[in-house]
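Here is how the chains run, residue by residue.
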Amino acid sequence: MAIICFSITSMGNNYNAPGMTKTIGYRDWRWQALWWHNFFLLWSTINGQTRYSIPEELKQGSVVGNLAKDLGLGLSEIFDRKLRVASEAGEQYFSVDAGKGELVVNDRIDREALCGQSASCVLTLQVVVDKPLQLHRVEVEIQDINDNSPRFPSQEITLQIAESTAAGARFPLEIAQDLDVGVNSVRSYTLNKDDFFSLKIKDVSGGRKVPELVLSKSVDREKKPIHQLQLTAIDGGNPVKSGTSLITINVLDNNDNFPVFEKNVYKVSISESSIQGAFILKLTAKDIDEGPNGEVEYSFGTHTPDNVLSVFDIDSSTGEIRLIGKLDFETNANYEIDICARDKGTPRMEGHCTLHIEVLDVNDNAPSIFLTSQPNFVPEDAPSGTVVALISARDLDSGDNGKVTLQLPRGSPFNLKPSFSDNYALVTGGALDRESFSEHNVEITAIDSGSPPLSTKKTIHVSITDVNDNPPVFTQPSYNVYLKENGVLGSILYSVSASDLDFGENAKISYSILDSKVQDVSVSSYVYINSDNGSIYSMHSFDYEKLKVFQIQVQAKDQGSPSLSSNATVHVFILDQNDNAPAVIYPSSAALGSLSHQRMPRSAKAGHLVTKVTAVDADSGHNAWISYKLAEATDASLFTVNLYTGEVRTKRAVSEQDDSSQRLLIEIQDDGEPVQSATVTVSILLEDGLHEPILDLRQKVSEPSKKTGRITLYLILSLASVSVLSLLTFLILAVKCMRNSRSSGSCCMRRSDCDDYKNPNRNLQIQLNTDGPIKYVEVLGGDMLSQSQSFRSCMSPMSEYSDFTLIKPSSTNDFKEVISVLDASLPDSTWTFESQQVSRKPPLILKMNNKKKKTFSFLLFSTGNT
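Our subject in this report is the structure included herewith. (Residues numbered from 1 in each chain as written. Predicted model: local features only at pLDDT ≥ 70, side-chain atom pairs only at ≥ 80, totals over all residues. Heavy atoms only, no water.)

Turning next to the nonpolar core. Ranked by size, the top nonpolar core spans 28 residues in total, and within it F312 and I339 carry the most contacts. Of all the secondary structure elements, the ones that give two or more residues to this core are β16 (265–271), β17 (279–282), β19 (296–300), β20 (312–314), β21 (320–323), β22 (334–343) and β23 (350–360). Apart from residues lying up to four places away in sequence, I339 is in contact with F261, L283, S299, F300, I314, I321, G351, H352, C353 and L355. Residues L493, I509, F542 and L547 belong to the second largest nonpolar core, which totals 26 residues. (Core = buried A, V, L, I, M, F, W, Y, C linked by side-chain atoms within 4.5 Å. Buried < 20%, exposed > 50% of the residue type's maximum accessible area, 1.4 Å probe, protein only. Helix = DSSP H or I, 4+ residues; strand = E, 2+ residues; numbered from the N terminus. Contact = heavy atoms within 4.5 Å.)

See the structure below:
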């Protein structure tokens, strides 16, 4: 649907509405032709909204336009589609004729009431139709008609002009108001003819015209005391309308006396907390003239500033001065006001005086804190009294209200030192520690002496700079490092770490190794350390059989001035690897690479001991456990080799069919990973009539005689007696030791032993010794190195037991070091150390669980040589 934008003018030929018909002349005909041309041009080219234009004050029922036709609706659709109109202005000025589809005036339209002095006045209508629901916007422009005459605010104007007024004086007159706009508004003013007065029109901003009455020549009150003039305002409407105002001019006599105040200067005080309307002072001025020339009006001077006019007010009749604004002592503490007393004479005479108002201060301003200098960085070792910042305090109030005191909270490490006139120095009041508090937020409170007192708080940020007062600290006082032998050169052994509570360069740590000897060689030949990160690297491939344990002293040093350092001990335990093959020590000829020749009689029975192969392994622990087996034999059914002892025995009796020369290849293996092995070849010659050099005990035991049976019985009884006596002795010693430990806190048989036991600072020496296939540990401390006191339990590797060296320790810590060595030497065994809390120096229990799932426990007492 096209939306037509057009303007409907007041043409009588189209609409039979009152006030809308006018005579069409030649010019109007040409204008209407041009209008219709433009209308149809717009109809065919513009797709806009519907717009009507009507004059105001149309009668009710006047037609505005054919709304249905303009919207493209038929007459039948008006009712079916429920055509209706709603006004956005709220008042329903228009309605739709359902029979014709015309938009008609529903109520009186007053343009001045709707739009006032606005140049454009448009009423917006919302036209709604249903089926389908559609909303159309229609604008109706209300054109102004000249239905209002100009009006003056006053119908009569009275002017007082002294007879002494000079010719040419101008007197502004009131402006007439016309509710119409445009050409219908006020266009000019006229004044009736008069010999003494004329009219001048003055143009002001906004296109307004202001009439001014001009005195053409001086008036004479004696000749004509009153002049009456008529001022006419004319608008530009058609027909023209006008409004008049009567001007009455009274010629006044001369006023030759001015009002006089009682004082030239008045002084008064008022509190700044005074409320609005408070009375301040009443002024009085007298004029000795009579009549209006003696009547006085009061006012502030012509050049009184706005800050006075906004705070004070004077009653023009009584001269009373009152407070109308808010006083602020800090903004204006004093006011100098010129007061004018003007009589009502012509010309008006004036008298002046000065009013001095003093504002009294109240405590309505909190103090302020200012930093004269920004806080300095304070070193943590700064002495007490070091200046940190300069501070000043101010209060805009006066007197006691402006006296300010600064305070610090309790426990602050700073003090306030007053200097002069509310200026202070913030100084240190004690020792500072950056590691505890690297920054301080110092809260300063300023309190004035007013009643009630007001306060302000300000926080000052103080940074503490670092001083090198903390040495580096290792994460542990000592470190235990377990290193496998035969390691790769340059591999990392361990990384130590230290931290420094200081900051910056003072916290940068470099690591070094202190020079010490390991087997008469500098420790730097074995390891080196990365000075930046504390990583320790090997410079040597370690051999457990040569070096089992050594110590490294690591030093951590910061870069402060002076630098600080600390040390830590790194215990390096070399762990054995299976890098040695078993070595045959018997038969000795086998060690030389030749065959071992053995002889055996042909009469040998089953179980006959032919020879014994013995080998040792330089390794330790499981790596040194040796087993023997028969790899090859001339007759495998004739001989057997004991797995653990290496004994070569016959499995059966020698027969005549057996070869006289037997050759055995025996393989010897350790228990390490990977397995190391060696072989030995044994050559056995079978000879007739050869005497047996080795007594076959098993054969003799299998053939007991009466005599040997009795001896065996005696031996059993003797062993039982000795065992019972040993058990009783052990129990007696244990009970006695426990009683002594409860009473004296120790269990010592000899004083020297007690002294050794009570001294935990004895040097502790740990030795892992190898005696052929038997391994044992010796731990000697203090005098025990000379006494060589130890309890040794040694068992062969093929006995399914483990080896021990049990000593009397000098302290519990020493025994723990022994356990760590045992763990390193026997990785397949689990060692535990228990302390029985019976006395001050309790007995010690050492336990070992080997891989055979067997547990051995030993109860150790400090009992001297026992």
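Moving on to the sheet that holds strand β1 (residues 50–55). Spatial ordering of the open sheet is given by β1-β7-β6-β3, a layout of four strands whose pairing is mixed. Lying at the two open borders of the sheet, with one neighbouring strand each, are β1 and β3 (84–87). Looking at each pair of strands side by side, their axes are set apart by 30 degrees on average, direction ignored. Strand direction decides the pairing type here: β1 and strand β7 (residues 134–143), joined by six bridges, are parallel. Bridging from a neighbouring strand, I54 pairs with I142 of β7. (Pairing = 2+ DSSP bridges. Axes fitted to C-alpha atoms, helices over the stretch in contact; angles between N-to-C directions.)

This next bit is on the side chain of D466. Structurally, D466 can be placed in the loop between β31 (455–465) and β32 (473–474). Residue D466 is classed as buried on the basis of its relative accessible area of 17%. There is a polar contact of 2.8 Å between the side chain of D466 and the backbone nitrogen of F503. Side-chain polar atoms of D466 contact the side chain of N506, separated by 2.9 Å. Among all residues touching D466, those that are not within four sequence positions of it are E380, R434, E435, D502, F503 and N506. (Polar contact = N/O pair within 3.5 Å; in protein donor to acceptor, adjacent residues only side chain to side chain.)

Once that is clear, we can look at the pairing of β22. Note: β19 against β22, five bridges, orientation antiparallel. Across the sheet, the residue bridging to Y298 is A341, located in β22. Bridge count for β22 against β23 is nine bridges, and the pairing is antiparallel. Note on β23: the bridge partner recorded for N334 is E358. With antiparallel pairing between neighbouring strands as the criterion, β22 and β23 make up a hairpin whose turn holds six residues.

Strand order in this open sheet of four strands is β16-β23-β22-β19, and the pairing throughout is mixed. Edge positions in the sheet fall to β16 and β19, since each of these pairs with one other strand and no more. Here the strands of the sheet are splayed against their neighbours by 30 degrees on average, with no regard to which way each runs.

Mapped onto the secondary structure, D395 falls in the loop between β26 (387–394) and β27 (404–407). At 10 Å, R394 is the nearest oppositely charged side chain to D395, a buried residue that forms no salt bridge. Ignoring sequence-local partners within four residues, the contact set of D395 consists of N365, A366, P367, N401, G402, V404 and D448. (Lys, Arg positive; Asp, Glu negative; His and termini not counted. Salt bridge = Lys/Arg side-chain N within 4 Å of Asp/Glu carboxyl O.)

Right, let's talk about the state of the cysteines for a bit. Working definition: the covalent bond between the sulfur atoms of two cysteines is a disulfide. One pass over the full model with this rule turns up one disulfide. Each sulfur in the disulfide pair C115 and C121 lies 1.9 Å from the other. With the S-S dihedral at roughly 65 degrees, the linkage between C115 and C121 falls on the right-handed side. Among the cysteines around C353, which has no disulfide bond, C340 carries the closest sulfur, lying 9.5 Å off. Look at C353 and you get buried, because its relative accessible area is 3%. (Disulfide = S-S within 2.5 Å.)

Another point: the packing of aromatic side chains. For any pair of aromatic rings, the description consists of the separation of the ring centres together with the inter-plane angle of the planes. Counting across every chain of the model gives 11 aromatic pairs. For the pair F474 and Y479, a centre-to-centre distance of 6.5 Å together with 75 degrees between the ring planes defines the contact as edge-to-face. Note on accessibility: F474 and Y479 belong to one class, buried. Three or more aromatic residues joined by ring pairs make a cluster, and in this case those are F474, Y479, Y494 and Y511. Across the ring face of F196, the terminal group of K217 is positioned such that the distance to the ring centre comes to 4.9 Å. (Phe/Tyr/Trp six-rings, centres within 6.5 Å; stacked < 30°, edge-to-face > 60°. Lys NZ or Arg CZ within 6 Å of the ring centre and 35° of its normal.)

Along the polypeptide, V613 turns up in the loop between β45 (609–612) and β46 (614–616). For V613, a relative accessible area of 0% gives the class buried. For V613 and V682, which are 69 residues apart along the polypeptide, the C-alpha to C-alpha distance reads 9.3 Å.

Here the focus is the pattern of salt bridges. Tallied over the entire structure, the rule returns 25 salt bridges. Residue E297 is joined to R348 by a salt bridge in which the shortest nitrogen-to-oxygen separation is 2.8 Å. You can see E297 sitting in strand β19 and its partner R348 sitting in the loop between β22 and β23, a full 51 residues away along the chain. What makes R348 partly exposed here is its relative accessible area of 39%. Across the pair K508 and E505 runs a salt bridge, and its minimum N-O distance is 2.8 Å. Overall, E505 belongs to the partly exposed group, its relative accessible area being 42%. One connected set of salt bridges, linked through shared partners, spans R51, R137, E139 and E141.

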